[in-house]
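What the coordinates show
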Amino acid sequence: MRILVTNDDGIMAPGIKALYRAVRDLGEVEVVAPETSQSAGGHSISVLSPMMAHRVHVHSEFHAWSVDGSPADCVKLAMLKLLDWRPDFVLSGINAGVNTAINVLYSGTVAGAIEGACFGVPAMAFSLELSDHLDFDGAGSVARSLFLEFTRTRPEPGVCLNVNIPKFDKGWPRGTRVVPQAVVPMQDRYHVQHDPRGNPVYWLDGEMPEHPVDSGTDLAAIYERFVSITPLRFDLTDHKRMAEMAAVGWPQAFERIEAATR
Ligand code: MN
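On a predicted model such as this, the values are computed, not experimentally measured, just so you know.

Parameters and conventions
- Residues numbered from 1 in each chain as written.
- Predicted model: local features only at pLDDT ≥ 70, side-chain atom pairs only at ≥ 80, totals over all residues.
- Heavy atoms only, no water.
- Salt bridge = Lys/Arg side-chain N within 4 Å of Asp/Glu carboxyl O.
- Helix = DSSP H or I, 4+ residues; strand = E, 2+ residues; numbered from the N terminus.
- Buried < 20%, exposed > 50% of the residue type's maximum accessible area, 1.4 Å probe, protein only.
- Core = buried A, V, L, I, M, F, W, Y, C linked by side-chain atoms within 4.5 Å.
- Pairing = 2+ DSSP bridges.
- Axes fitted to C-alpha atoms, helices over the stretch in contact; angles between N-to-C directions.
- Contact = heavy atoms within 4.5 Å.

1. Brief notes about the pattern of salt bridges
- The tally for this structure, following the rule as stated, stands at 15 salt bridges.
- In this structure, the salt-bridge partner of Arg21 is Glu61, at a minimum N-O distance of 2.7 Å. With Arg21 in helix H1 (residues 14–23) and Glu61 in the loop between strand S3 (53–58) and strand S4 (62–67), this pair connects stretches of sequence that are 40 residues apart.
- Taking relative accessible area as the criterion, Arg21 reaches 36% and is therefore assigned partly exposed.
- Exposure remark for Glu61: the relative accessible area of 23% places this residue in the partly exposed category.
- The residue Glu149 makes a salt bridge to Arg152 at a minimum N-O spacing of 3.2 Å. In this pair, Glu149 and Arg152 both sit in helix H5 (residues 136–152), three residues apart, roughly one turn of the helix.
- Relative accessible area serves as the criterion here: at 57%, Arg152 is assigned to the exposed category.

2. Things to note about the nonpolar core
- Grouped together as the largest cluster of nonpolar side chains are 35 residues, with contacts concentrated most on Val5, Val23, Val31, Leu91, Met124 and Phe147.
- In terms of residue count, H5 provides more of this core than any other element does, seven residues in total.

3. Some remarks on the sheet that holds strand S7 (residues 160–165)
- Reading across from one edge, S3-S4-S2-S1-S5-S6-S7-S11-S8 is the order of the nine strands in this open sheet, with mixed pairing throughout. Both edges of this open sheet fall to S3 and strand S8 (176–178), since each of them pairs with a single strand only. Across the sheet, the axes of successive neighbouring strands diverge by a mean angle of 25°, strand direction being ignored.
- By the bridge criterion, six bridges tie S3 to S4 in an arrangement that is antiparallel. Within the sheet, the bridge partner assigned to Val58 lies in S4 and is Phe62.
- Against the sheet, H5 contacts strand S1 (2–6), strand S5 (89–96), strand S6 (123–128), S7, S8 and strand S11 (227–232), and its axis sits at roughly 155° relative to S5.

Take a look at the structure:
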């Protein structure tokens, strides 16, 4: 088994070391990760500037490629240039902080996994709930067992699972739930400060709602100390809405508008 590991917290982050340790005995493992933190960078890629990739020795423990790009850049570059083999799986994480609800869209951790899925490689993203003591070893054990389970299902090309692990402060997670992504908005706010010339600068801060509004979702699972697993797809098309639009005659309506304005 060949595994490509990436993350968005950067090559030196403790979470990627934990993920590497969790799977290193399962096959050939290559780590290709951003040089610096790319958190909340989403599915960005570098097109306006070139990138460099350096072979580095991380924590005196493993060799890896350090790339001055995003997680999606790392996976793309790994697939097209750096690896001389095609991975059977792409694993991303373990992120410091959960990627539930709307954060799925902002997450570089999830983007790394989705980029793998775009190449037709089954992928998983792992994130650990923030706490004073981030138990990445515990999260690594959870990631390992869920990954092994995933391999046993012989996933189709492009399958991508988003896994969130609750903090271990109150013990081991109570179980695992396969749940949809919550859609409740974050409670965003901007802190306003001033630069040396007195101009206001804005710094985003935000948190998830205290109690999940959406029961039976990834967010609710984490609040209830369950590991959440959400299958994701990168086709953002709202197929149900498309059918509804066709049913009420949208294409014809547009044709009429076009004809009238011609
Ligand atoms: Mn991150």
